[in-house]
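Spelled out from the first residue to the last, the chains are:
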Amino acid sequence: MSILTATGVEVTYPGSGRPVRAVAGVDLAVEPGEVLGLVGESGCGKSSLARALVGLVAPTAGTVVFDSQPVEALRRRARPVAQRRLQMVFQDPYSSLNARRRVGDQIADALRLAGGGGRRRAPAAVGALLERVGLDPAMQTRYPHEFSGGQRQRVAVARALAADPSVIVADEPISALDASAQAQVANLLVGLARTEGVAVVFISHDLAIVRQVADRTAVMYLGTVVEVGPTATLWEDPQHPYTRALIDAVPTPDGSGRLPADLPGDVPDPAAPPSGCRFHPRCPLVTPDCSSWEPVLRVQEPGHAAACILAPDRGAPDRSTTGVPS
Ligand SMILES: Nc1ncnc2c1ncn2[C@@H]1O[C@H](COP(=O)(O)OP(=O)(O)OP(=O)(O)O)[C@@H](O)[C@H]1O
Ligand code: SF4
Ligand SMILES: [Mg+2]
């Protein structure tokens, strides 16, 4: 059974003129112990969806259910419980950690909030958490600025683990790191999924990394999920033209590869999305019907669904095979 499920989730911001519908109806299910990649160009709504998944913003429509309970209700009625088991890791550990406090104290706070460890046991428990993320337990007396970027992100992960989470939503957790630290932090998160059964939602605009780490990948465009499926299937047989364009844009070892900007036009304004298929003004395969007909996710094969008029309809979406409710 899915540990985290989004159904019809919308996130709308007031905006200065028209409201901005940053997430425009997303269905997504996260399974225990999996790494689910979430990709898409800047502004497509990844962070807004992430915040809705962990209850940092209330969806303007739809529901998020964590471990059989609505996240909203969890937040209101049992905040510490929700905090314990549904954690978020951000891009910039500098801003998510308090620069003026020793990291050990910050992790100890998280342990206490989660109901574990008294003051006396804290150094040992904090040390064990630092070891779990590959850091020396003695580092708990240091301040955030005394770590490298990669180490600091490990500290942020250790603080999340203090809460014994079953889901970690990691929003661009490696984007601010250098290449070797990127691989280490990505491997750390994957290891948590593989060995400890923590589900990880891994948000990134870097498809090459997502290909390496994610069991399944969901592709977002302008607030909607346009394709979702096993990562290997998406790479070998993408069904949505946008997925294909993103994959084509990934640099190959010889340095070739186009940028998503090579698609005609810019990402449209989410306050005024195109009619019909939201991708139609930029789609290389656009048909006359595409501007009047809004495609929904349809099953391509078990576990793989795409929202495009050209993607064959091989059956009604089925949560048991796609992770996407119909
Ligand atoms: N607090 C806010 N108020 C108004 N609009 C917002 C707010 N946060 C995000 N937006 C808008 O919502 C849309 C989606 O933003 P979001 O940050 O979710 O995208 P993203 O996919 O995470 O982008 P990036 O890859 O740059 O992080 C964008 O058009 C953005 O400008
Ligand atoms: S529905 Fe039409 S415009 Fe949209 S992705 Fe498919 S072919 Fe392109
Ligand atoms: Mg973002």
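The protein chain is annotated in an unreviewed UniProt entry as ABC transporter ATP-binding protein from Klenkia terrae. For the record of the protein chain, the UniProt heading Sequence similarities (unreviewed entry) holds the text "Belongs to the ABC transporter superfamily."

Caption draft 1: Local environment of the site of ligand 1. Surveying the vicinity of ligand 1 reveals 13 residues, the closest of which are Ser-42, Gly-43, Lys-46, Ser-47 and Ser-48. Residue Cys-44 places a main-chain N or O atom 3.3 Å away from an oxygen atom belonging to ligand 1. Ser-48 places a side-chain nitrogen or oxygen 2.6 Å from an oxygen atom of ligand 1. Expressed as a share of its isolated accessible area of 640 Å², the protein-covered part of ligand 1 is 63%. Where the shell around ligand 1 is concerned, the elements lending two or more residues are strand S2 (20-30) and helix H1 (46-54). Among the elements that line the shell around ligand 1, the one with the most residues is H1, at four residues. Among the residues making up the shell around ligand 1, the classes are represented as five nonpolar, five polar and three charged.

Caption draft 2: Here's a closer look at the site of ligand 2. The full set of residues close to ligand 2 is His-240, Pro-241, Cys-277, Phe-279, His-280, Cys-283, Leu-285, Cys-290, Pro-295, Cys-308, Ile-309 and Leu-310. Residues of the shell around ligand 2, tallied by class, amount to 10 nonpolar, two polar and no charged.

Caption draft 3: Up close: the side chain of His-280. With respect to the secondary-structure elements, His-280 resides in the loop between helix H11 (241-248) and strand S11 (298-301). His-280 gets classed as buried once you look at its relative accessible area, which sits at 17%. Aside from chain neighbours lying at most four places away, what touches His-280 is Pro-274, Ser-275, Val-286, Cys-290 and Ser-291.

Caption draft 4: Structural view of the environment of Ile-209. Structurally, Ile-209 can be placed in helix H9 (residues 207-213). For Ile-209, a relative accessible area of 11% translates into the label buried. Separated by 35 residues in the primary sequence, Ile-209 and Ile-174 place their C-alpha atoms 9.5 Å from one another. When sequence neighbours within four positions are dropped, the list of residues in contact with Ile-209 reads Ile-174, Gln-182 and Phe-202.

Caption draft 5: Summary view of helix H8 (residues 179-196). Across its 18 residues, H8 extends 25 Å between first and last C-alpha, which sits within 8% of the 26 Å expected from 1.5 Å per residue. Regarding H8, the residues found buried are Ala-181, Gln-182, Val-185, Ala-186, Leu-188, Leu-189, Val-190, Leu-192 and Ala-193. The secondary structure elements touched by the buried residues of H8 are strand S3 (35-39), helix H6 (122-132), helix H7 (149-161), strand S7 (167-171), strand S8 (199-203) and H9. The first or second residue beyond H8 is Gly-197, which carries a positive phi of 75°.

Caption draft 6: Layout of the sheet that holds strand S5 (residues 69-70). In spatial order, the strands read S2-S1-S4-S5; together these four strands make up an open sheet with antiparallel pairing. Two strands in the sheet have a free side with no partner beyond their single neighbour: S2 and S5. The sheet contact formed by strand S1 (residues 4-13) and S2 spans eight bridges and is antiparallel. In the strand pairing of S2, Tyr-13 is matched with Val-20. Each of S1, S2 and strand S4 (61-66) is contacted by H1, which is oriented at about 125° to S1, the strand it contacts most.

Caption draft 7: A look at the packing of aromatic side chains. Under the defined criterion, the tally for this structure stands at three aromatic pairs. Here the aromatic rings of Tyr-242 and Phe-279 are separated by 5.2 Å at their centres, their planes lie at 65°, and the arrangement is edge-to-face. Separated by 37 residues along the polypeptide, Tyr-242 in helix H11 and Phe-279 in the loop between H11 and S11 bring together distant segments of the chain. You can call Phe-279 buried: its relative accessible area is 1%. Each residue in the set Tyr-221, Tyr-242 and Phe-279 is aromatic and connected to the rest through ring pairs, giving one cluster. Just above the ring of Phe-147 sits the side chain of Arg-142; from NZ or CZ to the centre is 5.7 Å.

What counts, and at which threshold
Residues numbered from 1 in each chain as written. Chains lettered and ligands numbered in written order. Predicted model: local features only at pLDDT ≥ 70, side-chain atom pairs only at ≥ 80, totals over all residues. Heavy atoms only, no water. UniProt positions renumbered as here; feature names shortened; annotations may be inferred. Near = heavy atom within 4 Å. Polar contact = N/O pair within 3.5 Å; in protein donor to acceptor, adjacent residues only side chain to side chain. Areas by Shrake-Rupley, 256 points an atom, 1.4 Å probe, with all protein chains shown as cover. Helix = DSSP H or I, 4+ residues; strand = E, 2+ residues; numbered from the N terminus. Nonpolar A, V, L, I, M, F, W, Y, C, P; charged D, E, K, R; others polar. Buried < 20%, exposed > 50% of the residue type's maximum accessible area, 1.4 Å probe, protein only. Contact = heavy atoms within 4.5 Å. Expected span 1.5 Å × (residues − 1). Pairing = 2+ DSSP bridges. Axes fitted to C-alpha atoms, helices over the stretch in contact; angles between N-to-C directions. Phe/Tyr/Trp six-rings, centres within 6.5 Å; stacked < 30°, edge-to-face > 60°. Lys NZ or Arg CZ within 6 Å of the ring centre and 35° of its normal.

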